[in-house]
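Close look at the chain arrangement
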Amino acid sequence: MKKLLTLFTIAALSSFSLIAQNNDTKKADKHFNRYEFVEAAEEYAELVEDGKANTYVYSQLAESYYNVFNTVEAERYYAKALESSDDPEMIFKYSQMLKANGKYEESNTQMAKFASMRPSDDRAIAFNKNPDYLPKILEKGKKFNIQNLGFNSKYSDFGGTLQDGKLYITSARNTSRRTYGWNEEPFLDIYELTKNDDGTYQAANLVEDKVNTKFHEGVVSFSPDGNTMYFSRESFFEKEFEKDSITKIRYSLLHLFKATKSGSEWSNVEGFSLNSENYSVKNPSVSPDGKTLYFASDMPGGYGLFDIYKVDINDDGSLGDPVNLGQKVNTQGQEMFPYISSNNTLYFSSNGHLGLGNLDVFYTKEIDGKMAPIRNVGIPINSNADDFAFHLDEETEEGFVSSNREGGLGSDDIYAIKKLQPLCDVLITGTVTDSKTGEPINAASVTMYDDQGNKVLTKVTDSDGTVEFIVECGKESELEVVMDGYESQKMTVSASEEEEEEVSIMLDPIEEIVGPEMINLDPIYFDFDKSNITAQAAFELDKLVQIMTKYPDLVIDVTSHTDSRGSNSYNEKLSDRRAKTTVQYVISKGIDKSRISGMGKGENEPKVDCGSNCTDEEHQMNRRSEFKIVSGGPQAQ
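Owing to the predicted nature of the structure, the values given are computational and were not obtained by experimental measurement.

Rules behind the numbers
Residues numbered from 1 in each chain as written. Predicted model: local features only at pLDDT ≥ 70, side-chain atom pairs only at ≥ 80, totals over all residues. Heavy atoms only, no water. Helix = DSSP H or I, 4+ residues; strand = E, 2+ residues; numbered from the N terminus. Contact = heavy atoms within 4.5 Å. Areas by Shrake-Rupley, 256 points an atom, 1.4 Å probe, with all protein chains shown as cover. Lys, Arg positive; Asp, Glu negative; His and termini not counted. Charge placed at Lys NZ, Arg CZ, Asp CG, Glu CD. Disulfide = S-S within 2.5 Å. Buried < 20%, exposed > 50% of the residue type's maximum accessible area, 1.4 Å probe, protein only. Pairing = 2+ DSSP bridges. Axes fitted to C-alpha atoms, helices over the stretch in contact; angles between N-to-C directions. Patch = residues over 30% accessible without salt bridge, like charges linked within 9 Å, V, L, I, M, F, W, Y side chains within 5 Å. Salt bridge = Lys/Arg side-chain N within 4 Å of Asp/Glu carboxyl O. Core = buried A, V, L, I, M, F, W, Y, C linked by side-chain atoms within 4.5 Å. Parallel < 35°, antiparallel > 145°, perpendicular 65-115°, else oblique. Left-handed = near helix turned anticlockwise from the far one by under 90°. Nonpolar A, V, L, I, M, F, W, Y, C, P; charged D, E, K, R; others polar. Polar contact = N/O pair within 3.5 Å; in protein donor to acceptor, adjacent residues only side chain to side chain. Phe/Tyr/Trp six-rings, centres within 6.5 Å; stacked < 30°, edge-to-face > 60°. Lys NZ or Arg CZ within 6 Å of the ring centre and 35° of its normal.

The next thing to look at is the overall build of the protein chain. For the protein chain, the count of helices and strands is 12 helices and 35 strands. Across its three principal directions, the C-alpha atoms of the protein chain cover 100 × 60 × 40 Å. Counted over contacts in the protein chain with a minimum sequence separation of 6, partners at least 24 positions apart contribute 57%. Per element, the accessible surface of the protein chain, about 28400 Å² overall, is 45% carbon and sulfur. The averaged location of the 105 negative side-chain charges in the protein chain is 2 Å from the averaged location of its 66 positive side-chain charges.

Right, here's the structure in full:
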């Protein structure tokens, strides 16, 4: 992906490029300044072979390889250049190349060095906050299936936008075009492939009419009705460019265009007032309602090399004033290829956020006017290479991603993706402590229940009293904690969009539930007209079992009560069944039957005396069991 500077990325030129050029480097520098990195690398390499290398030559050679994603050689020559340089940006790129080559520990060492030199840089702040980010990304596991598509060519192919049964991609396969000096591949064009009923695709056809030119065209997006296509195009077509006053080299920009559909043809291609001769605008993505356009730009006022913006699409098709998505999304690196999905999740690629490779795919969502935490999509969408142009149909959970990872057919390939499990999750870290001493409790049993009350998983706390669970974003869950010698507890964990949530659970010693005359359990509620033990009742009764196990001389009398609905005689019988059920549950847990007895009181002793005007909540409070100490227990010792 590094090779297409004018269309997709800015490679910051070496900081030595203005101070160490000489007659020996003149030829190589000319190629480099023209973005002809293949030829530039050859010329700089010759200087190395001839013994004419210095820090400048090594850095320029590393930059040349960096820009064509030759990670091995880029790593090699960044290392050579840094033997006599401490340029922070070079150190950052060196760390990226180490990471791309799977040398994660060495990459982190260089990132730590970069962070110490640029502590206020967004990339440094993120790293210092989470230096062990790599295992956390990898441990989230595989959330997608990914498959290389057979229509990829030996050239660069990327993108993937389905519209009206056709897949639109960007490709350098048009060999009738002249080649581009960056990577010696033809200029990029927009192609369409018809999707067959069996999910395969027919041969790629060049989008004709007014869309493609002899210069670069980029990824596309469509209005909801499919009648307007948005795409980026190199500004040479409009005879707009920047010209270096010294070298006379012309540098193109990227502009945004739209075309309208007339029958089966695309016509009326026109640019937007947003375009400028001073900056690029690229990678369009239209919101599901067709009212907002997301794009990437290096316009003044941004946070990094390329930032992501949004702009209103007016009723007449013109664009409003662009709005930067802010520092939570945009870094001092590059954020590109925004894609806004049908549920308004924003996906994008970045080399500024913490990732597995250079460009990783991330996602976020605007909630109440604020952006949710930026999350890495994880493996296998992201690799140690460049991963970009992510598209996902949230309904079918299928889509596309582009990558220059190893094993592809060309320099960039398009991959089909299928989501396997929810993408957004939250790491919940629970810490269980003694409420009296504050000490962590080891080996406590912690069970997680989902928002439907289903048991998900049970884990045991470690020596620090901690336990970890991963849950889906936006879902409420419940933790149930049980430990011998302590009163069991339940805690509701609220729905969250944060990446991590920490919860503290304090357990009271079991003696805390023993009062002077009663065992103070939370109320044992019964469903209307029922006498069976519910899950909530069992949770409370287990506390009684635990205290009776600890104090073998403890004798309990259970009284069960009903609400006032039904006749008094019926309620007395119902409450007696409830008392006997409660007693039987405790006996079933190993308590001798001589130590517990029970009696029904009917509706005669309501907890809430609301007469005939009780609410449902008041009726439930009156349906209860209570536990009186007959003899024994801690107070008798």
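This part is about the state of the cysteines. Applying the stated criterion to the full structure yields 2 disulfides. With a sulfur-sulfur separation of 1.8 Å, C424 is cross-linked through a disulfide to C473. Disulfide C424-C473: torsion about the S-S bond near -70°, hence left-handed. Taken together, the positions of C424 in the loop between β25 (413-419) and β26 (425-434) and C473 in the loop between β29 (466-472) and β30 (477-482) put the pair 49 residues apart, joining distant regions of the chain. In this model, C610 is linked to C614 through a disulfide, with the two sulfur atoms separated by 1.7 Å. Disulfide C610 to C614: torsion about the S-S bond roughly 95°, handedness right-handed. Grouping residues by exposure puts C610 and C614 together as buried. Counting its disulfide-bonded cysteines in sequence order, the protein chain shows a connectivity of 1-2, 3-4.

This part covers the sheet that holds strand β33 (residues 555-561). Across the sheet, which stays open at both edges, the 3 strands sit in the order β34-β33-β35 with mixed pairing between neighbours. Looking at the sheet topology across the chains shown, the edges are occupied by β34 (596-600) and β35 (624-631). Sheet twist, expressed as the mean angle between neighbouring strand axes with direction ignored, is 20°. Both β33 and β34 contribute to a ladder of 5 bridges, which runs parallel. Along β34, the bridge assignment pairs D557 with S597.

There is a patch of like negative charges on the surface, built from E42, E46, E49, D50 and E184. Take E42: it is sitting in helix α3 (residues 37-49).

Attention now goes to the nonpolar core. Counting 36 residues, the largest nonpolar core has Y44 and Y78 as the members making the most contacts within it. Elements with a contribution of two residues or more to this core: α2 (26-33), α3, α4 (55-67), α5 (71-81), α6 (88-100), α7 (104-117), α8 (122-129) and α9 (133-139). Examining the composition of this core, we find that 7 residues originate from one element, α4, more than from any other. Ignoring any residue separated from it by four or fewer positions in sequence, one finds Y44 in contact with A28, D29, F32, Y56, V57, Q60, L61 and S64. Ranked by size, the runner-up nonpolar core spans 33 residues in total, among them Y347, V361, V426 and M483.

Look at α6 against α7: their axes get within 8 Å of each other, and the N-to-C directions meet at 160°. The angle between α6 and α7 falls in the class roughly antiparallel. Where α6 crosses over α7, the handedness of that crossing is left-handed. Contacts from P88, I91, F92, Y94, S95, L98 and K99 in α6 reach Y104, E106, S107, Q110, M111, K113, F114 and M117 in α7. Here the contact of α6 with α7 is composed, by residue class, of 9 nonpolar, 3 polar and 3 charged.

The complete set of buried residues in α8 reads D122, R123, A124 and F127. Among the structural elements, α6, α7 and α9 are those in contact with the buried residues of α8. Two or three places before R123, at the opening of α8, D121 has a side-chain oxygen 2.8 Å from that residue's backbone nitrogen.

Before going further, it helps to spend a moment on the packing of aromatic side chains. Taken as a whole and judged by the stated rule, the model has 22 aromatic pairs. Both rings, one in Y230 and one in F272, keep their centres 6.1 Å apart while their planes meet at 10°; by these two values the pair is stacked. Of this pair, Y230 sits in strand β9 (residues 228-234) while F272 sits in the loop between β13 (265-271) and β14 (281-286); the two residues are 42 residues apart in sequence, bridging distant segments of the chain. Considered together, Y230 and F272 belong to a single accessibility category, that of buried residues. Put simply, the rings of F144, Y339, Y347, Y363 and F390 touch in pairs and so form one group of aromatic residues. Here K490 stacks its cationic end above the ring of F539, 4.6 Å away from the centre of that ring.

The next thing to look at is the pattern of salt bridges. Enumeration over the complete set of coordinates arrives at 27 salt bridges. A salt bridge links D157 to R173; the nearest nitrogen and oxygen atoms lie 2.8 Å apart. With a gap of 16 residues between them, D157 in strand β2 (residues 157-163) and R173 in the loop between β3 (166-171) and β4 (179-180) connect regions that are remote in the sequence. A single network of salt bridges, built from pairs that share partners, joins E89, R118, D121 and R123.

Moving on: the packing of α4 against α6. Contact pair α4 / α6: the axes reach a minimum separation of 12 Å and the direction vectors enclose 45°. With respect to α6, the axis of α4 lies oblique. For the element pair α4 and α6, the recorded crossing hand is left-handed. When α4 is examined against α6, the residues S59, E63 and Y66 are found in contact with a partner set consisting of M90, K93, Q96 and M97. Residue composition of the contact of α4 with α6, grouped by class: 3 nonpolar, 2 polar and 2 charged.

Let us look at unusual backbone geometry. The omega torsion across I379 and P380 is -5°, close enough to zero to call that bond cis. The phi dihedral of F69 falls on the positive side, at around 55°, and the residue is not glycine. With respect to the helices and strands, the residue F69 is situated in the loop between α4 and α5. On the basis of relative accessibility, which here comes to 17%, the residue F69 falls in the buried class. Positive phi, normally seen in glycine, also occurs at N283, with a value near 55°. Position of N283 among the secondary structure elements: in strand β14.

Quick look at the side chain of K258 now. Tracing the backbone shows K258 in strand β12 (residues 254-262). A polar contact is formed between the side chain of K258 and the backbone oxygen of G317, at a distance of 3.3 Å. Among all residues touching K258, those that are not within four sequence positions of it are T228, M229, Y230, F231, N268, V269, E270, F272, D316 and G317.

This part takes up the pairing of β13. Where β12 and β13 come together, 5 bridges link them in antiparallel fashion. Bridging from a neighbouring strand, K261 pairs with W266 of β13. The turn joining β12 and β13, which pair antiparallel and follow one another in sequence, is formed by 2 residues; a positive phi near 70° is taken by G263.

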